[in-house]
Structures are given as structure tokens and as C-alpha cells.
Amino acid sequence: MLAKQKEGEIMSLMNNKLAISGGKAVRTREFPAWPQYDNSENKALIDILESGQWWRMANNAVEVFEKEFADYHNASSALAVSNGTHALEVALKTYGIGAGDEVIIPAFTFVSTALCVQNVGAKPILVDVDADTFNISPEKILAAITPKTKAIIPVHMAGHFVDYHKIQKIAESHNLFIIQDAAHAHGASINNNKVGDWQNIACFSFQNFKLMTAGEGGLLLFPSEELRETAFLYHNCGRPQNDKQYQHLVVGSNYRYSPFLAAILSQQLKRLPEQNALRHKNGLILADNISKISSVSMQQCRSEITTHPYYMAIFILDENINRDFVVAALNAEGIPAFNAYKPLYYLDSFLHDFADEDKSDITAMYKKACPVTDTIGSQGIWIHHRALLGNEQDIDDIIASFNKVLTSSHSELSVKKLETC
Ligand SMILES: Cc1ncc(COP(=O)(O)O)c(C=O)c1O
């Protein structure tokens, strides 16, 4: 009896001891795999292979997918391209944005939101994000507008729709284009309006981690056929559709998409609504439970959001918590957690366009102007959406792991503050 009690005590101690320190991990099972596919992808690929038509211009699989994706997002038309970065570049070129122009983007985003602007010769201007949604702050956009501003690229961070009424009002009153970076927002909606309801160009990515994927891929949604025609030229070496006379009307490039990949995406799109509904449900359960832990908060889902696809579950740890330790400890518990994006103003690629002697001043200026972004950069972590495609037990395990790590007495959990005198 005594031996059994002792065994129980040892087991409970082992369960509480962090896995990073040799304790028992909360999880030993894997979360659902990503990407997901079944025989329908197999068949779609074989069909293209056996058709003998492997090129966009010869096979209608790309156009079929474009129509399906545009219809699903309430857009007039779509153009699939090689990847999400290229989609943003083509959008900027379609609106005629280039050298001498400024484009406002959030300071907290994946680097491509800035690269696309730099790659067309324009200048990205960074704006801080809101502390609850991590989306670009409409109020702060206003202060960043200059006579050179031509466009705003709001990012639907992790799929949480931006405050589009406010952004649209600002854009209209200053005559600016809006290009939505919807790389995280397949099927996202606000008051039941999807990305295509916004009547401007929206750009998607189908890279391997995304909510639908063919390994690589990108797409632009348009509110009108005319815009698609211009974009088509830029993505097709300047050449119109069905041209047989070697007309090259603009300085374009080759961003054409492959029918093989489009055929995969047509199948992926069929699963998206159900997967989004599951991630939305699990994301809200996770956010509710995480809010009960004192040293961490999760991206909020505002009440007007009708579909939050949770491309990522993003969390911010209190400033006294050692982020790198928490990520390593969660990984050891079996949770696929990662550090959040670094703020753009720390990246060599962003600073490249400034003179060497100005770089540290630019970083310092943006660090001061973007306190929320700066906090996410040092204290933010994220979990990939595949973990939200699991069942109740999977979500419980994420919550239990956060609780276990953040309430532990491990000496590395807190950031050691330097003594000041
Ligand atoms: C917000 C955002 N924009 C743009 C992109 C670029 O997409 P791609 O990787 O397909 O070029 C990504 C990709 O991760 C992204 O997260």
C-alpha cells in the first residue's frame, strides 16, 4: 500500500516536472499532419499528367481554380500566380506603384509585405499594430500618410480580418489604393463579408504552411475584369491572353502558375470551410482558457468576426517571461510553438534601402513608434493551425502545457533583470 502511494507521488512529481528538465511530456502523440490530402488530389494530378497539357495556357485547370476561388470569396475574378510574394508585386504593378511612391504596411508581418514594395522600387512605411488583434492600427495609418503615399497594404494577421471600414474611409479620403495581404485569410469573414466583398485587390499565398496549399502558389482577387487584364499582362511577360503576335505591352515577368498545382488547390478548397469552422471553434476555446493564465494572452477575436480561420494561434508573454525558454519548454511538452515574426525594422532586408549611417536611427525611430510590434517581436509566440484541427483532447493538451510551463518554478522561466544602482 505504502509502495503504491509512493509510486503515485513519484508519478505526480514526474507529471509536473517540465519535460525540458526530464519530466513526462504532456503529449506523446502528434497533432494532425499538414498538408492534408486524399485520393482526390491523386486523381486530379494524374488527370493533368495524362492530359499531356502541362502549361497554364494549354490547360484550363488554373482558370477553373481561379473561378472557384473568386466565387468562394465573392470576388469578380482571380489570377493565380507563382507565390504570395509575387501576387503582392503584381498587385502593386497593376496599380502603377513604383519608384518615388510610399506604401503603408504593418510593422508586424511576414517580410514579403515589405519585400514586394521594395521590389517594385517603392518605399515601405511601417505602422504599429493594435494590441488586441495584432492588425495594423487605423488610427496610426493617418499619421503616416504623406504626399508620396499611394497605397496601404493591411494584413489580416493570422486570418483575423482588419478593421476594413475604418481603413477604407482613410483610403478614400486620401485617394489611396488598398491591397489586402490575405496570405493568412482564406475564407476569413467579418460580419459575414469575405475578402472579395471589399472591392479591391486581395493577395493570397498557397505556400506549404498556409490554410490551403500546393507547396507553393499565390493568387490575386479583383473587383473588376479590367484590373485582372492589367495584372494578367504583368504576370505573362507583358503579353495579353491568346496573343499570337508576340505583343509585349508592359514590362512584366513570368509569374504563371502550374495546372498541376491548381488542380491540387481545387481539391484543397473543398475542405476549407469545414477546417475553418473547426479552427474557429477550437481557437475560441483556446483563447478563453489562455485568458485564465496570468502571464500570457492570446490574439483576441473581435465580436464582428464571423470566420477566424486561425492560420496561427498567436500569444504574447508578459515582459518578465523568458520567451525562448517557454518556446523550448512547450516544444519539449509536444507543442509545436515558434517565435513570432521579428519586427520588420530589425531586418537587414528592410534596412538595406537606408544609408549605413542611418540604419540604427531608423530602427530606433520605429522601435519607439511601434511599441506593440516591439513587444510581440520579443514576447510573441505562435502555434501552427494544424494543432487547431485536432479534437478536444488536443486543445486541452495545449492549455495544460501552457499552464504547466508558465506556473513552473523553473529558474529559467523569468527574465533575469540586471541590477541597476
Ligand atoms: C503575411 C504574408 N504575406 C505574404 C506572404 C508571402 O507568401 P509566399 O510565401 O507564398 O511568397 C506570406 C507567406 O508566408 C505571409 O505570411
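What you see is a predicted model; the values in this text were computed from it and never measured.

To continue, consider the overall build of the protein. In terms of regular secondary structure, the protein is built from 14 helices and 14 strands. A compact globule built from 421 residues would reach a C-alpha radius of gyration of about 22 Å, and the protein, at 23 Å, matches this within 12%. Classification of the 421 residues of the protein by burial places 45% in the buried group. For the protein, contacts bridging at least 24 residues in sequence account for 70% of all contacts bridging at least 6.

Taken together, the 7 strands give an open sheet; going across it, the order is β1-β9-β8-β5-β4-β2-β3, and neighbouring strands pair in mixed fashion. Strands with a single pairing partner mark the edges of an open sheet, and in this sheet they are β1 (77-81) and β3 (123-127). In this sheet, adjacent strand axes meet at a mean angle of 25 degrees when their direction is disregarded. Both strand β2 (residues 102-106) and β3 contribute to a ladder of 5 bridges, which runs parallel. When the bridges of β3 are listed, V103 appears paired with P124.

This paragraph deals with the pairing of strand β4 (residues 149-152). Direction of pairing for β2 relative to β4: parallel, over a ladder of 3 bridges. Bridge pairing in β4 places V103 opposite A151. Relative to strand β5 (residues 177-181), β4 runs parallel, the two sharing 2 bridges. Bridge pairing links I152 to I178 in β5. Handedness of the β4-helix α7 (residues 164-174)-β5 crossover: right-handed.

Turning next to the site of the ligand. Not every one of the 14 residues close to the ligand is listed here, only the nearest: G84, T85, F110, A183 and S205. Those elements that place two or more of their residues in the shell around the ligand are α4 (84-94) and α5 (112-119). Here the residues of the shell around the ligand are counted per class, giving 3 nonpolar, 10 polar and 1 charged.

The tendency in soluble globular proteins is for nonpolar side chains to be buried as a group. The biggest cluster of nonpolar side chains holds 117 residues, and the ones touching the most others in it are C203 and L220. When we break this core down by domain, the ones giving at least three residues each are domain 1 (39-268) and domain 2 (271-406).

Within the span of helix α10 (residues 323-332), buried status applies to R323, V326, A329 and L330. Seen end-on, α10 carries its buried residues on one side only, within an arc spanning 125 degrees. Two residues or fewer after α10 comes G334, characterised by a positive phi angle close to 100 degrees.

Split into domains, the protein comes out as domain 1 (39-268) and domain 2 (271-406). One C-alpha centre belongs to domain 1, the other to domain 2, and the line joining them spans 24 Å. Residue-level contacts link 33 residues of domain 1 with 35 residues of domain 2. Of all elements in the fold, only α5 and β6 (189-190) reach the threshold of two or more residues within the side of domain 1 that touches domain 2. Top element by residues in the side of domain 1 that touches domain 2 is α5. It accounts for 3 residues. Partitioning the side of domain 1 that touches domain 2 into residue classes produces 18 nonpolar, 12 polar and 3 charged.

This next bit is on the packing of α4 against α5. Running from N to C, α4 and α5 point in directions that differ by 45 degrees, and their axes come no closer than 9 Å. Taken together, α4 and α5 sit at an angle that is classed as oblique. Here the hand of the crossing between α4 and α5 comes out right-handed. Residues G84, T85, L88, E89 and L92 of α4 lie in contact with α5, whose contacting residues are S112, T113, L115, C116, V117 and N119. Among the residues forming the contact of α4 with α5, the class breakdown is 5 nonpolar, 5 polar and 1 charged.

Attention now moves to the confidence of the model for the protein. Atom-level detail of predicted coordinates should not be read off regions where pLDDT is low. In this model, the protein carries a mean pLDDT of 95, and residues with pLDDT of at least 70 account for 95%. The element-level mean pLDDT for the protein is lowest in helix α1 (residues 2-16), coming to 63, with β2 highest at 99.

In terms of residue burial, strand β12 (residues 312-317) counts as a mostly covered element, since 6 of its 6 residues are buried. Examined bridge by bridge, β12 and strand β14 (residues 380-384) share 5 bridges and lie antiparallel to one another. Considered in β14, the bridge of A313 is made with I383.

What follows covers the environment of I141. Mapped onto the fold, I141 is located in helix α6 (residues 138-144). The spatial distance from the C-alpha of I141 to the C-alpha of A183 is 21 Å, given a sequence separation of 42 residues. Among all residues touching I141, those that are not within four sequence positions of it are I104, V127, I136, I152, I167 and I170.

So, about the sheet that holds strand β10 (residues 296-298). As summarised here, the arrangement of the 4 strands in space is β10-β12-β14-β13, forming an open sheet in which the pairing is antiparallel. Looking at strand neighbours, the two that pair on one side only are β10 and β13 (337-339), the edges of this open sheet. Going from strand to strand, the sheet's axes swing by 30 degrees on average, the running direction of each strand aside. Contacts from α10 reach β12, β13 and β14 within the one sheet, and its direction differs from that of β13 by about 160 degrees.

Rules of the game
Residues numbered from 1 in each chain as written. Predicted model: local features only at pLDDT ≥ 70, side-chain atom pairs only at ≥ 80, totals over all residues. Helix = DSSP H or I, 4+ residues; strand = E, 2+ residues; numbered from the N terminus. Rg over C-alpha atoms; globule rule 2.2 N^0.38 Å. Buried ≥ 20, exposed ≤ 12 C-beta atoms within 10 Å, placed from the backbone. Contact = placed C-beta atoms within 7 Å. Pairing = 2+ DSSP bridges. Axes fitted to C-alpha atoms, helices over the stretch in contact; angles between N-to-C directions. Right-handed = clockwise from strand over helix to strand, strands pointing away. Near = placed C-beta within 6 Å. Nonpolar A, V, L, I, M, F, W, Y, C, P; charged D, E, K, R; others polar. Core = buried A, V, L, I, M, F, W, Y, C linked by C-beta atoms within 7 Å. Domains from an automatic or database assignment. Arc of directions from axis to C-beta. Parallel < 35°, antiparallel > 145°, perpendicular 65-115°, else oblique. Left-handed = near helix turned anticlockwise from the far one by under 90°. pLDDT = per-residue confidence, 0-100.

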